[in-house]
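# Reading the structure
Here is what each chain is made of, one letter per residue.
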Amino acid sequence: GFVHFTSFSSQGLTMMDLRAATKRQADIATWVLWDISRCPVPADVDACRVGPFIRRALKSLGYNGDLTITAIGILSQVPIDVLRALSSTGINLHHVPTMYNKSILTSLIMWEMDNSPPANVMLISLQRIFGQYIADLSEEYYVLGSKVPYDRKLEPTVFARRAGCFLWESLLASLRAEAKKDCSGTTSKTTFYCSGCCLDLFGFESFTKHILSKEHALNELDYYPGGVEAGNESRARKEDATAILARLQGFRQARRREEEEEEANYKKQRLEDPYYDDEYDYEAEAE
Ligand SMILES: [Zn+2]
């Protein structure tokens, strides 16, 4: 059964809610999709340790198939040293312009279209809407770190907490507790993608140059209400990349505040009615 903070190897590593691979899971591909905007690397954790840690953890649990780890989020807001550390340790970088419209969830749905089952999927996020998505995903894929499909009736928030947020917190706790400071690189090829511009980039330098560029920032404004006008104004004023990125930042902060308000409101509703939004329409959210 599920045991919190199960020791999974003789090295004394711990990681919550991950079961040893079954015979069927052992040799198929494993995908780790990490919502880095909602689950950022804290200041006290060396970013280069995350990838090797996840690799070791999964290996010691018997997941021997190809492993792909992708960090998905608004990567222009992630410190460049963190991005460098992640990509140099084999983590793919996938930029999204917002956490909503063209969102992380859209990227997950696209991932699903590109990767037919069977596969193991480990989703690291905080967002409650992923709860129902994970439940549906588990119809065809092995979703690691969650109780589905055994507890299909579990509330979406509980899904989300078990499958996303909690997994990240416990992963960080295990990583902090581990004495080993493994920052070894990997020979596997890292991919770089900007979903805002639908663009594959080749190499870390060209990727970071792109997500901090003027053209990219102008494209991204389109994803926010009022962004088209802001883009036109930026063009008329002949603003540079820094000024346009600052405008973009303003839109993002406003959206973030809305999210926090929604979340607070949601929690209040849940207290009054525990089954509030059990049928959350995440597909509508992803549009
Ligand atoms: Zn772009």
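Scope of this entry: the structure provided in the associated data block. (Residues numbered from 1 in each chain as written. Predicted model: local features only at pLDDT ≥ 70, side-chain atom pairs only at ≥ 80, totals over all residues. Heavy atoms only, no water.)

### Some points on the coordination of the zinc ion
Short version of the rule: Metal sites are built from N, O and S donor atoms within 2.8 Å, or 3.2 Å for Na, K and Ca, and they leave out water, so they may look incomplete. In these descriptions, tetrahedral denotes four donors with every angle between 85 and 135 degrees, square planar four donors and octahedral six donors with opposite donors over 155 degrees apart and the rest between 65 and 115, and irregular any other case. Numbering of helices and strands starts at the N terminus; helices are DSSP runs of H or I of at least 4 residues and strands are runs of E of at least 2. Classification of residues uses two cut-offs on accessible area relative to the type maximum, computed with a 1.4 Å probe and protein chains only: under 20% is buried, over 50% is exposed, and between them is partly exposed.
Summarising the metal site, the zinc ion is bound by the protein donors Cys-194 (SG), Cys-197 (SG), His-210 (NE2) and His-216 (ND1), whose distances to it range over 2.0 to 2.3 Å. Angles of 102 to 113 degrees at the metal separate the four donor atoms of the zinc ion, which places the site in the tetrahedral class. Taken in chain order, the donor set of the zinc ion reads C-x2-C-x12-H-x5-H. In this pair, Cys-194 sits in strand E8 (residues 192-194) while His-216 sits in helix H7 (residues 214-221), placing the two residues 22 residues apart along the sequence. Exposure class is identical for Cys-194 and His-216. Each is buried.

### Considering the packing of aromatic side chains
Each pair of aromatic rings is reported with the distance of its centres and the angle of its planes. Applicable threshold: Stacked, tilted and edge-to-face are the three classes applied to pairs of Phe, Tyr and Trp rings, where Trp contributes its six-membered ring and a pair requires centres within 6.5 Å; stacked means planes under 30 degrees apart, edge-to-face means over 60, and tilted covers the rest.
Applying the stated rule across the entire model yields six aromatic pairs. Between Trp-34 and Trp-168, the ring centres sit 5.0 Å apart and the planes meet at 35 degrees, which makes this aromatic pair tilted. You can see Trp-34 sitting in strand E3 (residues 30-35) and its partner Trp-168 sitting in helix H5 (residues 156-177), a full 134 residues away along the chain. Exposure class is identical for Trp-34 and Trp-168. Each is buried. Taken together, a centroid distance of 5.4 Å and an interplanar angle of 45 degrees make the contact between Trp-111 and Tyr-141 tilted. Here Tyr-141 lies in the loop between helix H4 (130-137) and strand E7 (142-144) and Trp-111 lies in helix H3 (residues 104-114), a separation of 30 residues in the sequence. Given the relative accessible area of 9%, Trp-111 is considered buried. Judged by its relative accessible area of 4%, Tyr-141 is buried. Feature note: the residues Trp-31, Trp-111 and Tyr-141 constitute an aromatic cluster, connected by ring pairs.

### A word on the nonpolar core
In plain terms, the rule: Only buried Ala, Val, Leu, Ile, Met, Phe, Trp, Tyr and Cys residues count toward a nonpolar core, and they belong to the same one when joined by side-chain atoms within 4.5 Å.
Core analysis: the largest hydrophobic core is formed by 40 residues, its most contacted members being Trp-34, Leu-86, Leu-93, Met-122 and Ile-124. Of all the secondary-structure elements, those providing two or more residues to this core are E3, helix H1 (50-60), strand E4 (67-73), helix H2 (80-88), strand E6 (120-124), H5, E8 and helix H6 (204-211). Looking at which element gives the most residues to this core, the answer is H5, with five residues. Ile-104, Leu-105, Leu-218 and Ile-244 belong to the second-largest nonpolar core, a separate cluster that totals 25 residues.

### Quick word on the pairing of E4
Here is the rule we go by: We treat two strands as partners when DSSP finds at least two bridges between them. With the strands aimed away from the viewer, a crossover counts as right-handed if its path from the first strand over the helix to the second runs clockwise.
Burial within E4 is extensive, with six of its seven residues counted as buried. Bridge analysis of E3 against E4 gives six bridges, and the strand direction is parallel. Within the sheet, the bridge partner assigned to Trp-31 lies in E4 and is Thr-68. Crossover handedness for the path E3 to H1 to E4: right-handed. Both E4 and strand E5 (residues 92-95) contribute to a ladder of four bridges, which runs parallel. Bridged to Thr-70 within E5 is Asn-92. Crossover E4 to E5 through H2 is right-handed.

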